[in-house]
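These are the residues of each chain, in order.
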Amino acid sequence: MLTLYFSPGASSMAAHIALHETGAPFEARVISLKNKQQRESAYLSLNPEGKVPLLLIDGRALTEVAGILFYLAKRFPEARLMPDDIEGQARAVSWMSYVASTLHPARRVSVDNARRVFLEADRKLGPGGWALGAYSVADIHLFRLFWRFVGYAEPDPKDYPNLFAHHAMMMGRPAVQRTIADEAAVGYELP
Ligand SMILES: N[C@@H](CCC(=O)N[C@@H](CS)C(=O)NCC(=O)O)C(=O)O
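In this text the structure is predicted, and so the values were computed from the model without any measurement.

Draft legend 1. Seen up close, the packing of helix H3 (residues 65-75) against helix H4 (residues 86-103). Between H3 and H4, the shortest axis-to-axis distance is 9 Å and the interhelical angle comes to 155 degrees. The angle between the axes of H3 and H4 places the two elements in the roughly antiparallel class. The hand of the H3/H4 crossing is right-handed. Residues Val65, Ala66 and Leu69 of H3 form the contact with H4, whose own contacting residues are Met96, Ser97 and Ala100. A class-by-class count of the residues in the contact of H3 with H4 yields five nonpolar, one polar and no charged.

Draft legend 2. Structural context of unusual backbone geometry. In the segment running from valine 52 into proline 53, the intervening peptide bond is cis, with an omega of 10 degrees. In this fold, proline 53 is placed in the loop between helix H2 (41-44) and strand E3 (54-57). Phi at aspartate 58 takes a positive value of approximately 50 degrees, unusual for a residue other than glycine. For aspartate 58, the location among the structural elements is in the loop between E3 and strand E4 (60-63). A positive phi angle, near 45 degrees, is found at glutamate 154, a position not held by glycine.

Draft legend 3. Region of the structure containing the packing of helix H6 (residues 111-125) against helix H8 (residues 161-171). Contact geometry of H6 with H8 gives a least axis separation of 7 Å together with a crossing angle of 75 degrees. Considering their axes alone, H6 and H8 lie roughly perpendicular with respect to each other. On H8, the residues touching Phe118, Ala121, Asp122 and Leu125 of H6 are Asn162, Leu163 and His166. Residues belonging to the contact of H6 with H8 are distributed by class as follows: four nonpolar, two polar and one charged.

Draft legend 4. Quick look at the domain arrangement of the protein chain. According to the domain assignment, the protein chain contains domain 1 (2-78 + 175-186) and domain 2 (82-173). The interface is formed by 15 residues belonging to domain 1 together with 12 residues belonging to domain 2. Put simply, the parts of the chain that give the side of domain 1 that touches domain 2 at least two residues each are helix H1 (12-22), H3 and helix H9 (174-186). Looking at the side of domain 1 that touches domain 2 element by element, the count peaks at six residues for H3. The residue makeup of the side of domain 1 that touches domain 2, split by class, is 11 nonpolar, three polar and one charged.

The rules behind the values
Residues numbered from 1 in each chain as written. Predicted model: local features only at pLDDT ≥ 70, side-chain atom pairs only at ≥ 80, totals over all residues. Axes fitted to C-alpha atoms, helices over the stretch in contact; angles between N-to-C directions. Helix = DSSP H or I, 4+ residues; strand = E, 2+ residues; numbered from the N terminus. Parallel < 35°, antiparallel > 145°, perpendicular 65-115°, else oblique. Left-handed = near helix turned anticlockwise from the far one by under 90°. Contact = placed C-beta atoms within 7 Å. Nonpolar A, V, L, I, M, F, W, Y, C, P; charged D, E, K, R; others polar. Domains from an automatic or database assignment.

Okay, here's the thing in C-alpha cells:
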C-alpha cells in the first residue's frame, strides 16, 4: 500500500506525477503548509523534518523527492522512468541531486539568483528534449522546479528556450495533466 502526503504545487508534485506515471494505486493525503499541518505531531512522527513529500510504503516512511522518484522508477520498471544501464541510472541520480541541491534552494537567496541558476540549467539541459535522451524521473524532478519558477519569476521564454520546450513536453503528458488537475482541485497555497 502506497500513501503520498502532498501539498498542491509543492515539491511533492514530482512524486505525485511519478505515481500517476506508474498507474499504481495509491492513497493521497493533503498536508496544508499554510495551516502548518507539517508541524503537527502526528505528521512529525512520520517525518521529523516536517516537509512534503512523504511516501508511506506499507507504513514505512520514505522522504526526499529524489529517493521517492528512484523507488517508484525501480519498483515499477514497466513505467520506463529510469534507464536500464548503470551509467544512465547514475545520470538520473546526478540530475536529481542537481535539482535538489542547486535548483531548489536558488530562490532562497533571491529571485534574481534563481533566474541566473535556471539560465545555467537551461544550458545544462540543452536543446532536444529529455534530460537523459529518453523520458525519466530526472525530467519529472526538473519540471516541478521549473514549473514553480515560471509561477513566481514569470521568466521570458526567449531566455530559457530549452526549459520552456521541456515544460511543453511535460505538460503534454497525461500523468502531469492529471496531477495538476488533482492538485488544483485541492487548491494552491503557494508563497
Ligand atoms: N529536500 C526535500 C525538500 C522538500 C521541501 O522543501 N518541501 C517543502 C515544500 S516545497 C516543505 O515541505 N516545506 C515545509 C516546511 O519547511 O515547513 C525534498 O527534495 O524532498
